[in-house]
Amino acid sequence: MLFRPTVEADLDRLLDVVVDEPVSWAHPERVRAELKLGNYRPEWMWIAEDDGVILARVVFWGMPADAKPYSIDCLSVHPSVTDRVGLAAELMSAAIEQLGTKPEYHLFLPNAWRERPDVAAAVGWRAEVMARVGIAHRLERFRYEWTPAAPVPEPSRRLVFRPEPDDEVMVDAFRRVAQGTLDHSTLKELATMDPVAQARGDVESYQHNFRGERDWWRLAFTPEGELVGLALPSANNGGPIVGYIGVVPEHRGKGYVGELLGEITRFHAARGAEVVRADTDFANVPMAKAFERAGYVNTSVRLVLSDES
């Protein structure tokens with residue numbers, strides 16, 4: 001058995017791989033599109049090959065400027081393989097060793113997926129593979145979508161929204177709203193990072209890793225000029241998204257999060273968005289309720305497996 005990254009000559013065979021399990025996977029159209037964008041690379045697509053036959057593959061994803069991939073988009077094993085967990089774990093181990101990183105694995109699943117035996121089984125063996133290579137921490141997120149079938153939220157009567165071109169002002173706003181956050185990713189970073197460094201990393205990430213424009217960003221103030229929070233409309237390869245919403249601690253519990261979300265939704269709607277997507281952690285109940293009040297519909301679940309070491 002040979003474990004190796006692909007080369008351009010492998011593309012046609014790679015595109016012939018079909019996953020018939022009910023989980024998200026890198027289908028041929030996605031492979032072509034992400035290769036064109038630079039989010040997939042031949043060296044980030046690994047295969048287990050026996051006598052010229054692809055028996056397993058793992059597809060990693062990252063931004064074009066990244067030296068290492070950020071996440072895993074697809075893990076599949078040919079149905080003829082009897083020990084798919086063992087083969088996939090060997091493939092993952094070989095890829096991780098050469099890439100020098102343990103990316104997160106993102107799986108998009110139907111709601112209530114545990115109640116569907118076929119989905120639970122598809123997730124189960126993949127999770128076992130990830131656990132064997134140290135990618136065992138689980139986080140589930142709600143995926144929400146707004147479409148023009150829902151009303152566009154009314155403008156806020158309590159907040160004034162302003163653009164802020166100074167990155168250092170935005171860094172301070174990110175730092176303030178991160179205090180007491182319920183967002184798992186932010187909490188994880190703050191466990192090992194200085195709050196200012198963490199906030200600066202967020203600002204840089206939203207500027208360089210997303211397709212939204214910097215001048216879309218807004219800070220929200222009371223009429224008296226007190227900072228309430230920030231609202232970042234943004235976009236990724238799939239289209240418009242709710243990039244970031246945050247309320248400073250002293251103004252929480254006043255219903256402002258819905259008005260920040262409304263500002264982002266109105267911004268995208270004014271630009272003709274057919275759909276606006278957003279994720280929030282299962283534990284972030286206030287954010288989930290704000291999405292539902294604003295006409296967003298919970299369409300699926302994103303399961304994230306990661307290394308917490």
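Residues numbered from 1 in each chain as written. Predicted model: local features only at pLDDT ≥ 70, side-chain atom pairs only at ≥ 80, totals over all residues. Heavy atoms only, no water.

*Asks:* Any chance you could explain the overall build of the chain here in plain terms?
*Replies:* Along the backbone of the chain there are nine helices and 12 strands. For 309 residues, the compact-globule estimate of 2.2 N^0.38 gives 19 Å, and the C-alpha radius of gyration of the chain, at 21 Å, lies within 12% of that figure. Dimensions of the chain, computed from the C-alpha atoms along their principal axes, are close to 70 × 40 × 30 Å. Within the chain, the proportion of its 309 residues that are buried is 50%. For the chain, the share of sequence-separated contacts (at least 6 apart) that also reach a separation of at least 24 residues comes to 72%. Accessible surface, the chain: about 14800 Å² in total, of which carbon and sulfur atoms supply 52%. Both charge centroids of the chain, one from 35 positive and one from 47 negative side chains, sit 4 Å from each other. (Helix = DSSP H or I, 4+ residues; strand = E, 2+ residues; numbered from the N terminus. Rg over C-alpha atoms; globule rule 2.2 N^0.38 Å. Buried < 20%, exposed > 50% of the residue type's maximum accessible area, 1.4 Å probe, protein only. Contact = heavy atoms within 4.5 Å. Areas by Shrake-Rupley, 256 points an atom, 1.4 Å probe, with all protein chains shown as cover. Lys, Arg positive; Asp, Glu negative; His and termini not counted. Charge placed at Lys NZ, Arg CZ, Asp CG, Glu CD.)

*Asks:* Can you help me understand the packing of helix α3 (residues 84–99) against helix α4 (residues 117–132) in this one?
*Replies:* How two helices pack is summed up by the angle between their axes together with the distance between the axes. Running from amino to carboxyl end, α3 crosses α4 at an angle of 45°, the nearest separation of the two axes being 9 Å. Between α3 and α4, the angle is such that the two are oblique. Between α3 and α4 lies a crossing of right-handed hand. Contact with α3, carried on its side by Arg84, Val85, Gly86, Ala88, Ala89 and Met92, involves Trp125, Glu128, Val129, Met130 and Arg132 of α4 and no other residues of that element. (Axes fitted to C-alpha atoms, helices over the stretch in contact; angles between N-to-C directions. Parallel < 35°, antiparallel > 145°, perpendicular 65-115°, else oblique. Left-handed = near helix turned anticlockwise from the far one by under 90°.)

*Asks:* For this particular structure, what's the right way to read the packing of aromatic side chains?
*Replies:* To describe a pair of aromatic rings, you give the distance between the ring centres and the angle between the ring planes. Taken as a whole and judged by the stated rule, the model has nine aromatic pairs. Ring centres of Tyr206 and Phe210 lie 4.9 Å apart, and the angle between their planes is 15°; this geometry places the pair in the stacked category. Over the aromatic face of Trp44 sits the side chain of Arg41, whose NZ or CZ is 3.8 Å from the ring centroid. Its guanidinium or amino end placed over the ring of Phe221, Arg162 lies 4.6 Å from that ring's centre, counting from NZ or CZ. (Phe/Tyr/Trp six-rings, centres within 6.5 Å; stacked < 30°, edge-to-face > 60°. Lys NZ or Arg CZ within 6 Å of the ring centre and 35° of its normal.)

*Asks:* Whenever I open this one, the environment of Arg214 confuses me. Can you help?
*Replies:* Along the chain, Arg214 turns up in the loop between α7 (195–208) and β8 (218–221). Exposure remark for Arg214: the relative accessible area of 18% places this residue in the buried category. In the structure, Arg214 is positioned 18 residues away from Leu232 in sequence and 8.9 Å away in space, judged by C-alpha atoms. Leaving out residues up to four positions away in the same chain, Arg214 has contacts with Glu164, Pro165, Asp166, Asp167, Met170 and Gln207. At 2.9 Å, the side chain of Arg214 forms a polar contact with the side chain of Asp167. (Polar contact = N/O pair within 3.5 Å; in protein donor to acceptor, adjacent residues only side chain to side chain.)

*Asks:* Explain α7 here, please?
*Replies:* Residues that lie three or four places apart on an α-helix share one face, since the helix turns once every 3.6 residues. Here α7 is 14 residues long and its end C-alpha atoms lie 20 Å apart, about the 20 Å a rise of 1.5 Å per residue gives. Listed in full, the buried residues belonging to α7 are Gln198, Ala199, Asp202, Val203 and Tyr206. Around the axis of α7, the buried residues are gathered within 140° of arc, so they sit on the same side. Elements that come into contact with the buried residues of α7 comprise α5 (167–178), α6 (184–190), β9 (227–236) and β10 (239–247). The backbone nitrogen of Val196 lies 2.9 Å from a side-chain oxygen of the residue at the head of α7, namely Asp194. (Expected span 1.5 Å × (residues − 1). Arc of directions from axis to C-beta.)

*Asks:* Is there a simple way to think about the environment of Ile47 in this case?
*Replies:* Mapped onto the fold, Ile47 is located in strand β2 (residues 45–50). According to the relative accessible area criterion, Ile47 is buried, its value standing at 0%. Residues Ile47 and Gln179, spaced 132 residues apart in sequence, show a C-alpha to C-alpha distance of 43 Å. Dropping the residues within four chain positions of it, Ile47 is found in contact with Leu2, Phe3, Arg4, Thr6, Arg13, Leu14, Ile54, Ala56, Arg57 and Leu91.

*Asks:* Which parts of the structure should I look at to understand the packing of α5 against α7?
*Replies:* It is at 8 Å that the axes of α5 and α7 come closest, and there the two elements cross at 120°. As the angle between them shows, α5 and α7 are arranged oblique. Relative to α7, the crossing made by α5 is right-handed. In contact with Asp167, Glu168, Met170, Val171, Phe174, Arg175 and Ala178 of α5, α7 contributes Pro195, Val196, Gln198, Ala199, Arg200, Asp202, Val203, Tyr206 and Gln207. Residues of the contact of α5 with α7, tallied by class, amount to nine nonpolar, two polar and five charged. (Nonpolar A, V, L, I, M, F, W, Y, C, P; charged D, E, K, R; others polar.)

*Asks:* Would you mind going over the pattern of salt bridges with me for this structure?
*Replies:* Pairing between side chains of opposite charge can happen when their charged atoms approach one another. Applying the stated rule across the entire model yields 22 salt bridges. In this structure, Asp281 and Arg141 form a salt bridge, with 2.5 Å as the shortest nitrogen-oxygen distance. Here Asp281, found in strand β11 (residues 276–281), pairs with Arg141, found in strand β6 (residues 137–146); they are 140 residues apart in sequence, far enough to count as distant. Summarising the burial analysis for this pair, Asp281 and Arg141 share the class buried. (Salt bridge = Lys/Arg side-chain N within 4 Å of Asp/Glu carboxyl O.)

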